[in-house]
Number of protein chains: 2
Amino acid sequence: MPILQPIVNLAELLYQKGITDVIVSPGSRSAPLTLAVARHPKLRVRVIADERSAGFIALGLAQQRIVNGQPKPVAIICTSGSAVYNLAPAVAEAYFQEIPLVLLTADRPREWVQQQDGQTIFQAGIFGSHVKRSYDLPADYSHPDARWYIERSVNEALNLSGLTPLGPVHINVPLREPFYPKEGEHFRYEPVRVIDQVLVTQELPAETWHQLLSEWEGAERKLIAVGQLPYHPKLTEVLQKISEELAVPVVGEIISNQHQNQLFITQSDTFLSSVAGEDFLEELRPDLLLTCGQSFLARNLKTFLRKYPARQHWHIQPSADRLVDSFQSLTKLIPTDPLYFFGKLFADLDYQRFLQGEEEPEENEYLERWQMADRRAGKLVQETLQPAEPFTEWAAVQTILDAVPPHSVLHLANSMPVRYANLCGIRADQHIAVSANRGTSGIDGCLSTAVGAALATDQLVTLFIGDVAFFYDRNALWNSYVPANLRIVLFNNQGGHIFRMIDGPAQQPELETYFETEQPLTGRTTAEEAGIGYRSSHGRAELQLALADFFTPGSKARLLEVFTDKRVNATAFQQYKDKVKRLFGGV
Amino acid sequence: MPILQPIVNLAELLYQKGITDVIVSPGSRSAPLTLAVARHPKLRVRVIADERSAGFIALGLAQQRIVNGQPKPVAIICTSGSAVYNLAPAVAEAYFQEIPLVLLTADRPREWVQQQDGQTIFQAGIFGSHVKRSYDLPADYSHPDARWYIERSVNEALNLSGLTPLGPVHINVPLREPFYPKEGEHFRYEPVRVIDQVLVTQELPAETWHQLLSEWEGAERKLIAVGQLPYHPKLTEVLQKISEELAVPVVGEIISNQHQNQLFITQSDTFLSSVAGEDFLEELRPDLLLTCGQSFLARNLKTFLRKYPARQHWHIQPSADRLVDSFQSLTKLIPTDPLYFFGKLFADLDYQRFLQGEEEPEENEYLERWQMADRRAGKLVQETLQPAEPFTEWAAVQTILDAVPPHSVLHLANSMPVRYANLCGIRADQHIAVSANRGTSGIDGCLSTAVGAALATDQLVTLFIGDVAFFYDRNALWNSYVPANLRIVLFNNQGGHIFRMIDGPAQQPELETYFETEQPLTGRTTAEEAGIGYRSSHGRAELQLALADFFTPGSKARLLEVFTDKRVNATAFQQYKDKVKRLFGGV
């Protein structure tokens, strides 16, 4: 057996398990892994020098495959040493956002750790609790048991990454020299043993189901709140029917992908403001709260659901291994797929209503209260952004959101862009799939993630990103793969603007130096260096001009830099908050 | 007690323990820590947006303080979430290079972990074995025991970081709101309880010492090999005396800071080449090998010492807690300071020789063999680099090394620059202090480390760095602190040139795409964006011209970009290897 055959087999097993994309960062220790995937006829391998960016590009690829409805893990290969640690930010994001990644980290054999040899750190289990499991392969393959261990471990790891909850798995691969095949030595992609894991569905027994239905019927005010979920039109359709026919308010933030139609509640960050009146909020309190999805974005919504807790709170999530009690009111975990649950819920209740001869949609004062608040909040926001008002970053976000082409993908970087976009909302008829790194909510890889997503779809991928996040991650554009379907909207206000927008730091004398931390760069040179299109705008008219052909297809990616004045932005935002207080505030 | 008082006390304790420098990355969760250090009248706080760069800038500061002879930890503050993981590459380097850092990571209180709240990951113990110890402070301070725990833990952490072996410590700081003081609330830096840790020296008992001396006397061929050590003229002086008076060869690579004089062996990477003849190498084999310092750089030296192991190998290192057996020949760990050990060794042996009436330096064929090989290798290198030969990156390194001003600091980035510089060597009369990140030998933070070092000294700090390492870490220049005493020499060969220089990848058809990975950027725009001086050279004459005033003091940092042709470099390097084979090769 050629010395590298177990590594060659590993590449074949990746392919057999449905993996098609591999991101590689160059290295010598990792050369056997690199060559094994590079020479594989079916694997698509891309080379990214900066491992931090490589990790997030892989994450973006895998994230978009979920949106495409074809979830499968993306593999990452890096060399030994601190290279591995540079993947860690993306690994943490993947863990909490439930994105499947397979981390193949080359290592020195165990006996060389802490022997002052180069690029050798403590790699076994290095990602701690931020991977679903960590495997440490043997460095010696001569014993058949060692080869059996590699074979079954890699099978298990690849199965695990793709099982709900999806997530990253780590396979640490200690390698001895020689790393390179001899002249004339060819890799043979032999048949490998594939251990399949049969999928099961998690269904609710009839007895449990009837109990749930009777509790549902017994609750007066029912509220459905949807956390972050990948774009999923079928689920949206079911939730819409529930809201319409059964008169249940469905609250979704922009990252829930339950967008604005006549029903859904999308303006909650405005009308659930902390300045809202207690009576008003009390009237919105649910008896029974149903949630699904991952994290919620806005503090206002979270605070409301904690301060006015439901008597019963059911959370529907496919995995049963953890209790996520974000609103401190959880009473029941329903470990099943939300589409199955809500689909069955609607079907059964609709059938009951049919049996009872009820044909008109239910009416419900509670739903009307939520919808009324939502409409008033939406109107307030549109007034805030109207052309007669000073031009702000928020207004720019609304203008560009309106122009994003239908049936495309929108990435919202953390810090202000995702918040502004959430305050605006997206029209359901735009059919836009929204993604955001809300697993850890870091700014560290938002640009790389969007690059990765654009590599996984032919649709246009638009990223809204602030200047600090953009430059932090500008190595995302330092590779030869930046695809033509990427559109970057860079909101440049010369610093960490969010600190000026929130109450605490804005009042400190340290605001500018220690929080906002002004930065002078513009995206022009970065765009030029990356060989992508560039345009900029300094106001409403310029923005409209720039947008005229920004989204048209072209042969290369484009960056639109939107300059605004941070003080104007802050003043306008304060005025918005004052209006919220007048409209929804207590006595 | 104001709610933030324990955090304010923490800042005061940093100061009381001798810490003066704090690197902060902006964040809201970390605001109490940021404000506590920013408002402290004696702490010097710098704000760096990219945590990965922040970590390495702190490392460079702390590293340079060791070179300055005043080691003290540098503190780092970052916010919760993936921000923390971005510090990890610098933490691993600090651990293995033994650089004191204090990592203060803001966190959500424990109960919010895995509750889908923003910027919340598993932070307790996140750096694994890459810190000397990890502390997880309580989030609630109301009970006096909790305040006592914070007080003694922080005392212990700060002591530990500064004790040999120096290294990073992690203090995880869960924080509850409010993060910001109320209007009119002032911070009071009250006296805090300081728990001193008295320093002890580790000396050898007389009996042990006499045993060592008798073993020393009994060994025919004695060899001293010095691994990476900070610049330390007193140790160099002692080793020089030992070499001179006692006729013992002292082998030092460039990172050992034992530079070229008439005695030291600095060309070992050339004459210990794997192609060298067995008889020749056998004659260089030591009976007794003494080593001190951290890692060795060149594979040739390491392979020689493993293949021709000493009968006895003593390693002198201050810490007793680990056996580093890099050459697989260790027989004795001597846990004491190398300066103490070699100073006492020389003094005792010199006194014995005085008593025995020996006044002339000893003569020793073994020493002469090493010195002869060193001289021949040095001559070969100089021939390779002479002006009649094609201009290469290596020749550029030699030219610039000759021009680096005396009594300055030289940083050598990983991959080719540190290897080229080691092949050249540095003249002892230049009094240049060499630093390099050889703890993990990553390319990931070399530029940031040099920026940090330049902040800690008034001397000129010159960095030699390749293009991949430079752009990987270009956020090092994305801050307002890049000091005027920094000189960056960027060797741009448009990719990971090292893979073309080593045998394995150079022979693979995947070389250019999957290893070298061509990159098109030049440093000009990065320099312009950072507001630092820029010049470039494409050949010998242009380089000489550019060097004319590159090192003169000025009001801002400067970058010199040296372009070379990777194919010319590779060909010349192959010719050098052929010459080595002719000169030192076996039959």
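Cut-offs used in this document
Residues numbered from 1 in each chain as written. Chains lettered and ligands numbered in written order. Predicted model: local features only at pLDDT ≥ 70, side-chain atom pairs only at ≥ 80, totals over all residues. Heavy atoms only, no water. UniProt positions renumbered as here; feature names shortened; annotations may be inferred. Helix = DSSP H or I, 4+ residues; strand = E, 2+ residues; numbered from the N terminus. Rg over C-alpha atoms; globule rule 2.2 N^0.38 Å. Buried < 20%, exposed > 50% of the residue type's maximum accessible area, 1.4 Å probe, protein only. Contact = heavy atoms within 4.5 Å. Areas by Shrake-Rupley, 256 points an atom, 1.4 Å probe, with all protein chains shown as cover. Axes fitted to C-alpha atoms, helices over the stretch in contact; angles between N-to-C directions. Parallel < 35°, antiparallel > 145°, perpendicular 65-115°, else oblique. Left-handed = near helix turned anticlockwise from the far one by under 90°. Nonpolar A, V, L, I, M, F, W, Y, C, P; charged D, E, K, R; others polar. Expected span 1.5 Å × (residues − 1). pLDDT = per-residue confidence, 0-100. Least-squares fit on C-alpha atoms with pLDDT ≥ 70 in both.

Under an unreviewed UniProt entry, the name given to chain A is 2-succinyl-5-enolpyruvyl-6-hydroxy-3-cyclohexene-1-carboxylate synthase, and the organism recorded is Nibrella viscosa. The Function (unreviewed entry) comment attached to chain A in UniProt states, word for word, "Catalyzes the thiamine diphosphate-dependent decarboxylation of 2-oxoglutarate and the subsequent addition of the resulting succinic semialdehyde-thiamine pyrophosphate anion to isochorismate to yield 2-succinyl-5-enolpyruvyl-6-hydroxy-3-cyclohexene-1-carboxylate (SEPHCHC)." For the record of chain A, the UniProt heading Sequence similarities (unreviewed entry) holds the text "Belongs to the TPP enzyme family. MenD subfamily."

Right, let's get into the overall build of chain A. Counting its regular elements, chain A contains 23 helices and 17 strands. On C-alpha atoms alone, chain A measures out to a radius of gyration of 26 Å, which is about the 25 Å that the 2.2 N^0.38 rule sets for 587 residues. Here chain A holds 587 residues, and 63% of them are scored as buried. A fraction of 78% describes how many contacts in chain A between residues 6 or more apart in sequence connect residues 24 or more apart. Counting only carbon and sulfur atoms, one obtains 50% of the accessible surface of chain A, whose full area is about 21600 Å².

This brings us to the packing of helix H1 (residues 5–16) of chain B against helix H6 (residues 144–162) of chain B. Residue and element names in this part refer to chain B. At a minimum axis distance of 11 Å, the contact between H1 and H6 shows a crossing angle of 25°. When the interaxial angle is binned, H1 and H6 end up roughly parallel. H6 is crossed by H1, and the crossing has right-handed handedness. On H6, the residues touching Pro-6, Leu-10, Leu-13 and Leu-14 of H1 are Arg-147, Ile-150, Glu-151, Val-154, Asn-155 and Leu-158. Split by residue class, the contact of H1 with H6 holds 7 nonpolar, 1 polar and 2 charged.

Among the residues of helix H11 (residues 299–307) of chain A, those classed as buried are Asn-300, Leu-301, Lys-302, Phe-304 and Leu-305 of chain A. Lining the buried residues of H11 of chain A we find strand S7 (222–226), strand S8 (250–252), helix H9 (268–271), helix H10 (278–282), strand S9 (288–292) and helix H13 (365–384) of chain A.

Residues and elements named next belong to chain B. Here H1 spans 16 Å end to end across 12 residues, near enough to the 16 Å set by a 1.5 Å rise per residue. Most of H1 is tucked away: 9 of the 12 residues are buried. Every buried residue of H1 is accounted for by Gln-5, Pro-6, Ile-7, Val-8, Leu-10, Ala-11, Glu-12, Leu-13 and Leu-14. The elements touched by buried residues of H1 are helix H2 (31–38), strand S3 (74–78), strand S4 (101–107), H6 and strand S6 (168–174). Looking at the residues trailing H1, positive phi occurs at Gly-18, about 95°.

We now examine unusual backbone geometry. Residue and element names in this part refer to chain B. Residue Pro-165 is reached from Thr-164 by a cis peptide bond, and omega for that bond is -10°. Residue Pro-178 is reached from Glu-177 by a cis peptide bond, and omega for that bond is 0°. Take Pro-178: it is sitting in the loop between S6 and helix H7 (206–218). With a phi close to 60°, Gln-494 is a non-glycine residue in the positive phi region. Residue position: Gln-494 is located in the loop between strand S15 (486–492) and helix H18 (498–501).

On average, residues of chain A carry a pLDDT of 95, and 100% of them reach 70 or more. Scoring the predicted complex yields pTM 0.98 and, for the interface, ipTM 0.97.

This paragraph deals with the relation of the copies chain A and chain B. Least-squares fitting of chain A to chain B yields an RMSD of 0.0 Å, with the transformation described by 0.0 Å of translation along the axis and a rotation of 180°. The operation mapping one copy onto its partner corresponds to a two-fold rotation axis.

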